[in-house]
Every structure is written in structure tokens, then in C-alpha cells.
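Commentary on secondary and tertiary structure
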Amino acid sequence: MKPAAFEHAAPADTRGALTLLAQPGAKPLSGGQSLSPMMNLRLVRPALLVDVKRLPDLRGALEAADHIRFGAAITHAEIEDGAVPDPSNGLMPHVAHGIAYRAVRNRGTLGGSLAHADPAADWPGVMAALGANIIALGSQGERRIPAEAFILAPFTTALKPGEIILAVEVPRLPAGARWGYCKINRKIGEFAKAIGIAIERPRRLLAGAVEGPPTLLESVDDIPTRLPWLDAAAQRLSGIALQRAIAMMEAA
């Protein structure tokens, strides 16, 4: 199918983007790897796409002593290839390499994936496990949203109307801190059925791809009480993913 008719605008700066996004029916466009299929299926019908991918403020990575600030339009491939610094001791490049296919990774962006808020995507859970902050930009300026509170429900985020994701600040893991990541899917390139993440220091366990917000846990035993909306089969799958992630971390 083809999308319903829409207008396209490519503003020169974030101020212009926010002005355009204030119009009724406007929606930001970054890599388009999630939005375009939904438009083709006519699940969404924006009147105006505001292209933010090339805005200078959304590009690049700024290093600080305790974190790295990634522009929202950094692509999965740039993270996979090491074109930007890695604060995660290899976790982020590992995850990026497993996202869909190279053609998708060349265009899909970190911010676009988070804003889309698909429960089966990789970055929402990874950013929550790493303790990242989402930097939102709106007419009132910037505000920080903890990644673990960013997704409220499937395809629903804490962004306010007219806001865009400007950047993502990811804390640096301590040198030598280990991690484990397990994504269960039917075949490489498909969205996940379950994701388990284990980080050593600070210790964080997370269940992702759970038809809801990614959820931090104290142990695998927490799954029935912390994820009660999952049926028994989905809880079992989440438990397997998390157990494998813990085993991967401990073996690293």
C-alpha cells in the first residue's frame, strides 16, 4: 500500500522544526524505518512530516567525564561501526549490530526508535538498563526524562505535544563492568519476542519486549509480580531471556 497524501518540510534548525510541529497533524520524521511502514499501512496519516534527521543539533556525540550525549539522529549503523564513542563497554555496538538489517540500520536512528516506542524494539530497554536520560526539546526548552520512565505504554511516550527528542545522555559504565544481552526472536532481523539485559556495575536487570514499558527487576523471580499483564508463556520467555543475559554477563 501507499501512504495517504502528506506534506514534507525540511527546516534548517530546531526552532523552525518546533514551529512546524505546532501545526495540526504534524509529525517528526527521522530515519523513517518504523514510521514509513505504518504510513504505508495507513495506521498513521500525518498531514505534515517535519524532517529532523539532518538538523545539526540532533547530530554528533559530545563526551563528558561521566556520560556521552548522543544526538537523536545518530543512526544504528554509526553506533555499530564505532563512528561515535561508546560509554557501554561494547553493549551499545552489540545491540546495534542485531537491529533488523544493514539497510535499516543505515537509516534508522536512536531517537526515532525511542520516540516510536515499539515494545519489541531494542533501544528502549537498553537505555533504561544503562540509566540514560532522554533530552526532550519543546517550546519551553529542554527537559530530561529518565529512560526507564520514558515509555508509558506501547507506542506511547512521555513526550508532550510538539516536543521532539533532541539527544540521549548515556552514563559511562565503569571500566571492566560486564554486561549480558539476550534477544529472543524467530529469526535474525525480526523484532524481539523477549529481551533480557544484565549489567554488573551498577547492577541492573531488565526485561524488555514485554508488550509494555521495559521493566527493571531485582531478580528473575520478580517477573510474575512485576509483569503481571503477561500471560504465562510470555513470562516464561522473559525469564529465559533474562537468565541467558545473566549467564552471558557472568561468563564475560
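So, how was this worked out
- Residues numbered from 1 in each chain as written.
- Predicted model: local features only at pLDDT ≥ 70, side-chain atom pairs only at ≥ 80, totals over all residues.
- Heavy atoms only, no water.
- Helix = DSSP H or I, 4+ residues; strand = E, 2+ residues; numbered from the N terminus.
- Expected span 1.5 Å × (residues − 1).
- Contact = heavy atoms within 4.5 Å.
- Polar contact = N/O pair within 3.5 Å; in protein donor to acceptor, adjacent residues only side chain to side chain.
- Core = buried A, V, L, I, M, F, W, Y, C linked by side-chain atoms within 4.5 Å.
- Buried < 20%, exposed > 50% of the residue type's maximum accessible area, 1.4 Å probe, protein only.
- Pairing = 2+ DSSP bridges.
- Axes fitted to C-alpha atoms, helices over the stretch in contact; angles between N-to-C directions.
- Salt bridge = Lys/Arg side-chain N within 4 Å of Asp/Glu carboxyl O.
- Patch = residues over 30% accessible without salt bridge, like charges linked within 9 Å, V, L, I, M, F, W, Y side chains within 5 Å.
- Areas by Shrake-Rupley, 256 points an atom, 1.4 Å probe, with all protein chains shown as cover.

1. With respect to helix 9 (residues 232-251)
Look at helix 9: 29 Å from first C-alpha to last across 20 residues, which is about the 28 Å you get at 1.5 Å a residue. On its buried face, helix 9 sits against strand 11 (179-184), strand 12 (194-199), strand 13 (204-208), strand 14 (215-217) and helix 8 (223-226). Regarding helix 9, its N-cap is Asp231, as a side-chain oxygen of that residue lies 3.2 Å from the backbone nitrogen of Ala233 further along.

2. Some details on the nonpolar core
Grouped together as the largest cluster of nonpolar side chains are 57 residues, with contacts concentrated most on Leu114, Trp123, Val126, Met127, Leu130 and Val168. Take this core: its biggest share by element is six residues, from strand 10 (residues 164-171). Those residues in contact with Trp123 that lie beyond four places of it in its chain are His76, Ile79, Met92, Val95, Ala96, Ile99, Leu110, Ser113 and Leu114. If you look at the next biggest cluster of nonpolar residues, it comprises 16 residues, including Ala207, Val210, Leu230 and Ala245.

3. With respect to the side chain of Arg69
Secondary-structure assignment places Arg69 in strand 5 (residues 67-71). A relative accessible area of 18% places Arg69 in the buried class.

4. A few points about the pairing of strand 11
In terms of burial, strand 11 is a largely internal element, five of the six residues being buried. Bridge count for strand 11 against strand 12 is six bridges, and the pairing is antiparallel. From the neighbouring strand, Lys183 faces strand 12, where its bridge partner is Ile195.

5. Some points on the sheet that holds strand 1 (residues 7-9)
Read from one edge of the open sheet, three strands run 1-3-2, paired in parallel fashion. The open sheet terminates on both sides in strands that have one partner only, identified here as strand 1 and strand 2 (26-29). Put simply, the sheet's adjacent strands are angled 25° from each other on average, direction ignored. As judged from the three bridges shared by strand 1 and strand 3 (residues 48-51), these two strands associate in the parallel manner. By the bridge assignment for strand 3, Ala9 is matched with Val50.

6. Some words on unusual backbone geometry
A cis amide bond, omega -10°, links Arg201 with the succeeding residue Pro202. Relative to the helices and strands, Pro202 resides in the loop between strand 12 and strand 13. If you check the backbone angles, Arg42 has positive phi at about 60° while not being a glycine. Tracing the chain through its elements places Arg42 in the loop between helix 2 (35-40) and strand 3. Not every positive phi belongs to a glycine, and Ala100 is a case in point at roughly 45°.

7. Considering the pattern of salt bridges
Once their charged atoms are close, side chains differing in charge can pair, the charge on each being opposite to the other. Following the criterion strictly, the structure yields 13 salt bridges and no others. Across the salt bridge formed by Asp51 and Arg54, the nearest N and O atoms sit 3.9 Å from each other. A salt bridge links Glu78 to Arg59; its shortest N-O distance comes to 2.6 Å. Taken together, the residues span a long stretch of sequence, with Glu78 in helix 3 (residues 76-80) and Arg59 in the loop between strand 3 and strand 4 (61-63) at a distance of 19 residues.

8. Examining the side chain of Ser113
Residue position: Ser113 is located in helix 6 (residues 110-116). With near-sequence residues (within four places) excluded, Ser113 lies in contact with His76, Ala121, Trp123 and Pro124.

9. Regarding the sheet that holds strand 10
If you trace the five strands from one edge of the open sheet to the other, you get 4-5-10-6-7, paired in antiparallel fashion. The open sheet terminates on both sides in strands that have one partner only, identified here as strand 4 and strand 7 (141-146). On average, each strand axis in the sheet is inclined to that of its neighbour by 25°, with strand direction left out of account. Where strand 5 meets strand 10, five bridges bridge the pair, whose relative direction is antiparallel. What sits directly across from Ile68, in strand 10, is Val170.

10. What to know about the environment of Leu55
Turning to its location among the elements, Leu55 is positioned in the loop between strand 3 and strand 4. Each C-alpha atom of the pair Leu55 and Ala12 lies 6.6 Å from the other, and the pair is 43 residues apart in sequence. Discounting chain neighbours no more than four positions away, the residues touching Leu55 are Pro11, Ala12, Asp13, Thr14 and Ala17.

11. A look at a nonpolar patch on the surface
Side chains of Met1, Leu41 and Leu43 sit close together on the surface and give an oily, nonpolar patch of about 380 Å² of accessible area. Owing to a relative accessible area of 60%, Leu43 belongs among the exposed residues under this scheme.

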